[in-house]
Amino acid sequence: YVESATMSGEAGSAVLSGVIQDAQGRFNLTNLATLDTVNASEVEAFARLLALLRQDPALANLIAQQMAAAGRAALNPRPDAVRPVGFVQLDDLLAVQGCTPQMINTIRPHTVILPITTPVNINTASPEVLAARVPGLSLADANTLANSRRQAAFRDLGDLAARLPNRNLGFDGSRLGVASNYFMVTGRVTIRRATLQIQALVERQPSATRLLWVKEI
């Protein structure tokens, strides 16, 4: 978290504040479909997350079907082909029947739409996302795992397996990790009584940081 008063003059003092959050600590809805094919295991995981957040689990399949339809349309070379809405930000889910602003705001802290499929960073994921990603893991046990990160971050997936309360619990190692390349940046500028707040998604690359989108919130 960064906050500083950095400007003064005719416009008055200005305060800049901001926060950077790990986008890969959230459930990536892009994982629900690969091109035009729904990923059943990802739909099941997302349905578990929706249930934990007290939302309708059936929305997981509806969203996945819409994402697959968008992927199918992208593969169609005909210029006159019908193009369903693409999914770039969570607010795009309003195009899916049953997804309301209230539902989207409920899942917003735990979900994201990234340009490619990604694993969840187990060091920054919420307990709800951890419980959704590890079948059979209760929310209470997921909270215990999350609290254990305060003493020591997970080194790797073997470390996660060693800390699971039930060693018989299994998980898909390709869907979990300890590194991140995508981050959500939220910034606020306040000048006198006027405030501007923006949010951006950025990708960390080996040689640069790429801005994927930015919006006023």
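Structure: above.
First, a word on what this report is: a plain description of the structure on this page. Computed from a predicted structure; not experimentally measured.

**With respect to the packing of aromatic side chains**
Here comes step 1: Following the criterion strictly, the structure yields one aromatic pair and no others.
Here comes step 2: Between Phe 27 and Phe 46, the aromatic rings sit 5.4 Å apart at their centres with planes inclined by 25°, giving stacked as the arrangement. Residue Phe 27 is found in strand E3 (residues 27-28), and its partner Phe 46 is found in helix H1 (residues 40-52); the two are separated by 19 residues along the sequence.
Here comes step 3: Exposure remark for Phe 46: the relative accessible area of 0% places this residue in the buried category.

**So, the pattern of salt bridges**
Here comes step 1: Scanning the model with the defined rule gives seven salt bridges in all.
Here comes step 2: The residue Asp 159 makes a salt bridge to Arg 163 at a minimum N-O spacing of 2.9 Å. Here Asp 159 and its partner Arg 163 are both found in helix H6 (residues 157-163), four residues apart, which amounts to about one turn of the helix.
Here comes step 3: Across the salt bridge formed by Arg 210 and Glu 203, the nearest N and O atoms sit 2.7 Å from each other.
Here comes step 4: Residue class for Glu 203 comes out buried when judged on its relative accessible area of 12%.
Here comes step 5: Overlapping salt bridges, with partners in common, bring together Glu 42, Arg 133 and Arg 175 in one network.

**Here we look at H1**
Here comes step 1: Taking 1.5 Å of rise per residue, 13 residues should cover 18 Å, and H1 covers 19 Å from first to last C-alpha, within 8% of that figure.
Here comes step 2: Of all the positions in H1, only Glu 42, Val 43, Ala 45, Phe 46, Ala 47, Leu 49 and Leu 50 are classed as buried.
Here comes step 3: Note on H1: the residue one or two positions beyond its end, Arg 54, has a positive phi of about 60°.

**Here's the deal with the nonpolar core**
Here comes step 1: With 42 residues, the main nonpolar core has Leu 29, Leu 32, Phe 46, Ile 63, Met 67, Leu 93 and Met 103 as its most contacted residues.
Here comes step 2: Not counting the four nearest positions on each side in its chain, Leu 32 is found in contact with Phe 27, Thr 37, Val 38, Asn 39, Glu 42, Val 43, Phe 46, Ala 60, Ile 63, Ala 64 and Met 67.
Here comes step 3: Among the nonpolar cores identified, the runner-up in size contains seven residues, and Val 112, Leu 114, Met 184 and Leu 201 belong to it.

Calculation criteria
Residues numbered from 1 in each chain as written. Predicted model: local features only at pLDDT ≥ 70, side-chain atom pairs only at ≥ 80, totals over all residues. Heavy atoms only, no water. Phe/Tyr/Trp six-rings, centres within 6.5 Å; stacked < 30°, edge-to-face > 60°. Helix = DSSP H or I, 4+ residues; strand = E, 2+ residues; numbered from the N terminus. Buried < 20%, exposed > 50% of the residue type's maximum accessible area, 1.4 Å probe, protein only. Salt bridge = Lys/Arg side-chain N within 4 Å of Asp/Glu carboxyl O. Expected span 1.5 Å × (residues − 1). Core = buried A, V, L, I, M, F, W, Y, C linked by side-chain atoms within 4.5 Å. Contact = heavy atoms within 4.5 Å.

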